[in-house]
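# Tertiary structure, described
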Amino acid sequence: MKITARACSNIALIKYWGKRDTHLNLPAVGSISVTLNDLHTTTTVDFNGQYNNDQLFLNGRRSGPEETTRVSAFLDRIRRRAGIKKYALVESENNFPTAAGLASSASAFAALSLAAAKAARLEISESELSVLARLGSGSAARSLFGGFVEMKQGEKDDGSDSFAFQLYPKDYWDLRLLIAVTSTDKKKIGSTDGMKLSKETSPYYNQWVASSHGDLTDMRDALKSRDFQKLGELSELSCLKMHALALSANPGLLYWNGATVEGIHRIRALRRQGIEVYFTIDAGPQLKAICEPDSVAEARAALEQIPGVKNVISTALGDDAEILEGNK
Ligand code: DP6
């Protein structure tokens, strides 16, 4: 009952922010993301019955109680469903530096879901697996699929229709992402808490939810017609709306630092010079630039010049999560 699986990270172009149910981790809005080839997590799950509780190691180091509890609660769902009682040894490695302050819950819970479900011999469909990953972390539901991915908000109370699916494989459109790392500090307020505070205190929350449907429709259209300008403009719009919502919480959530803001200005300046590049930012200070292959060199050079940018990671789009070792 030992399986190793790998899943890529992803970045949302139309953002998920807010939950309609915290217990089942149901998103209040749908989202659309791209899967990133060069940032991935490899996880081995072994339900070997040798332990009295689950053991979690991240990048070779035993995890603290908070992470272990979150993973153990997730494994409990799988054990219940599979009718097994054995505790697991879970070993997880990110190929990107964890200290880079990049979101890893998406690739981590996607790899864990796939490895744990297969190790427990669960017979489940792709969408059921995505539902399972969503219970670990909302963005993880998307990381099971390669290329361009949509996550459905769903309507049902039990969450069975709230899962992700592939819109287009990576070969459909060769997009590139550049990640400008502006801080290696652990963020103070994670997505889960940030979403809760935004929902509870922001006067703009209902408007954010209401306007998300139009953004999703427009992004599907941009993808269908491979309209890069439209994709880029919509990505910036969704990102800025999400951050405006976070800023309007009480107390306000400001995820950016000076280099993040400077990066926004630089990217817009590049566009004025005719270089087609757009930005997006998640719940942290790293700036992500979206472009097509012929703009990568100029975009990278511009980002590297920003004071406070520590390094720039470049990636193309990635594939579905996959099993590396064990019974396929
Ligand atoms: C800003 O998936 O990390 O990256 O479901 O609470 O684990 P939980 O949240 P998480 O939130 C991701 C938020 C985001 C936008 C996005 O990826 O869509």
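Heads up: these notes are all about the structure in this document. Here the structure is a predicted model, which is why all the values come from computation and not from measurement. (Residues numbered from 1 in each chain as written. Predicted model: local features only at pLDDT ≥ 70, side-chain atom pairs only at ≥ 80, totals over all residues. Heavy atoms only, no water.)

## Focus: the overall build of the chain
Here is the rule we go by: Starting at the N terminus, helices and strands are each numbered in turn, a helix being any DSSP run of H or I of at least four residues and a strand any DSSP run of E of at least two. Put simply, the radius of gyration uses C-alpha atoms, and a globule should come to 2.2 Å times the residue count raised to 0.38. Each residue gets one of three labels from its accessible area relative to the maximum for its type: buried under 20%, exposed over 50%, partly exposed in between, using a 1.4 Å probe on protein chains only. Pairs of residues are marked as contacts when any of their non-hydrogen atoms sit within 4.5 Å. Counting rule for charge: Lys and Arg are taken as positive, Asp and Glu as negative, and neither His nor the chain ends is counted. By convention, the point assigned to a charge is CZ for Arg, NZ for Lys, CD for Glu and CG for Asp.
Looking only at helices and strands, the chain has eight helices and 14 strands in total. Against the 2.2 N^0.38 benchmark of 20 Å for 328 residues, the chain shows a C-alpha radius of gyration of 19 Å, consistent with a compact globule. Buried positions account for 55% of the 328 residues belonging to the chain. Taking all contacts inside the chain whose residues are at least 6 apart in sequence as the whole, residues at least 24 apart take part in 75%. For the chain, the distance from the average site of its 40 positive side-chain charges to the average site of its 39 negative ones is 4 Å.

## Some remarks on the site of the ligand
Test applied: Whether a residue is near a molecule or strand depends on its heavy atoms: it is near if one of them lies within 4 Å of it. The definition of a polar contact used here is a pair of N or O atoms within 3.5 Å, where within protein one atom must be able to donate a hydrogen and the other to accept one, and adjacent residues in sequence count solely through side-chain atom pairs. Note on residue classes: Ala, Val, Leu, Ile, Met, Phe, Trp, Tyr, Cys and Pro are nonpolar, Asp, Glu, Lys and Arg are charged, and everything else, Gly too, is polar.
Residues in contact with the ligand amount to 18 residues; listed here are only the nearest, Y16, K19, G138, S139 and T192. K19 is positioned such that a nitrogen or oxygen atom in its side chain is 2.5 Å from an oxygen atom of the ligand. R70 has a polar side-chain atom sitting 3.2 Å from an oxygen atom of the ligand. Sort the elements by how many residues they give to the shell around the ligand and helix α4 (residues 191-201) lands first, with three residues. Within the shell around the ligand, the residues separate by chemical class into six nonpolar, seven polar and five charged.

## Here we look at unusual backbone geometry
A cis amide bond links N250 to the next residue, P251, at an omega of 0°. Mapped onto the fold, P251 is located in the loop between α6 (228-247) and α7 (258-272). Unusually for a residue other than glycine, R121 sits at a positive phi of about 60°.

## Quick notes on the pairing of strand β5 (residues 55-58)
So the rule is basically this: Any two strands are treated as partners once DSSP identifies two or more bridges connecting them.
Pairing of β5 with strand β7 (residues 89-94) involves four bridges; the strand directions are parallel. Paired with L58 across the strands is S92, a residue of β7. Where β5 lies against strand β6 (residues 61-62), two bridges are found, and the strand directions are antiparallel. Its bridge partner lying in β6, F57 is registered against R62.

## Overview of the nonpolar core
Convention followed: Nonpolar cores were defined as sets of buried Ala, Val, Leu, Ile, Met, Phe, Trp, Tyr and Cys residues, with membership established by side-chain atoms within 4.5 Å.
Among the nonpolar cores identified, the biggest contains 40 residues, and V45, F47, L75, I78, L112, L132 and L144 are the most heavily contacted of them. Looking at this core, the elements with two or more residues in it are β1 (2-14), α1 (65-82), α2 (105-119), α3 (126-136) and β8 (148-151). It is α2 that contributes the most residues to this core, nine residues altogether. With residues up to four places along the chain from it excluded, the contact list for L132 reads F74, I78, S113, A117, L122 and I124.

## So, the side chain of S33
The topology assignment puts S33 in strand β4 (residues 31-46). Judged by its relative accessible area of 0%, S33 is buried. For S33, the side chain forms a polar contact with the side chain of R142, separated by 3.1 Å. Not counting chain neighbours up to four residues away, the residues in contact with S33 comprise N10, I11, A12, L13, R142, G147, F148 and V149.

## Notes on α6
The α-helix winds at 3.6 residues per turn, so residues separated by three or four positions along the chain end up facing the same way. Stated formally: Take the number of residues in a helix, subtract one, and multiply by 1.5 Å to get its expected span.
Here α6 is 20 residues long and its end C-alpha atoms lie 28 Å apart, about the 28 Å a rise of 1.5 Å per residue gives. Every buried residue of α6 is accounted for by F228, L231, G232, L234, S235, E236, S238, C239, M242, H243, L245 and A246. Of the surrounding secondary structure, the elements contacted by the buried residues of α6 are β1, α4, α5 (205-224), α7, β11 (277-280) and β12 (287-291). Where α6 starts, the residue carrying a side-chain oxygen 3.4 Å from the main-chain nitrogen of Q229 turns out to be D227.

## Thoughts on the packing of α5 against α6
The line we're drawing: For every element, the axis is a line fit to its C-alpha atoms; helices are fit only across the contacting stretch, and the angle between N-to-C directions ranges from 0 to 180 degrees. Orientation is classified from the angle alone, with under 35 degrees giving roughly parallel, over 145 giving roughly antiparallel, 65 to 115 giving roughly perpendicular, and any other angle giving oblique. A clockwise turn of the near helix away from the far one marks a right-handed crossing, whereas an anticlockwise turn of less than a right angle marks a left-handed crossing.
Two numbers describe how α5 lies on α6: the axes approach to 10 Å, and their chain directions differ by 165°. Relative to α6, the element α5 is oriented roughly antiparallel. The hand of the α5/α6 crossing is left-handed. Residues Y205, W208, S211, D215, D218, M219, D221, A222 and L223 of α5 pack against K230, L231, L234, S235, L237, S238, K241, M242 and L245 of α6. For the contact of α5 with α6, a count of residues per class yields 10 nonpolar, three polar and five charged.

## Considering the environment of A269
Residue placement: A269 occurs in helix α7. By relative accessible area, A269 is classed as partly exposed at 23%. Taking the C-alpha atoms as reference points, A269 and A302, 33 residues apart in sequence, are found 9.9 Å from one another.

## So, the packing of aromatic side chains
Selection rule: By convention, a stacked pair of Phe, Tyr or Trp rings (six-membered ring in the case of Trp) has centres within 6.5 Å and planes under 30 degrees apart, an edge-to-face pair has planes over 60 apart, and any other such pair is tilted.
One pass over the full model with this rule turns up eight aromatic pairs. Geometrically, the ring pair formed by F148 and Y168 is edge-to-face, given 6.5 Å between the ring centres and 80° between the ring planes. Taken together, the residues span a long stretch of sequence, with F148 in strand β8 and Y168 in strand β9 (residues 164-168) at a distance of 20 residues. When its relative accessible area of 0% is taken as the criterion, F148 is described as buried. Here Y168 falls in the buried class, since its relative accessible area comes to 19%. Measuring from ring centre to ring centre gives 6.2 Å for F148 and Y172, while their planes differ by 85°; the resulting arrangement is edge-to-face.

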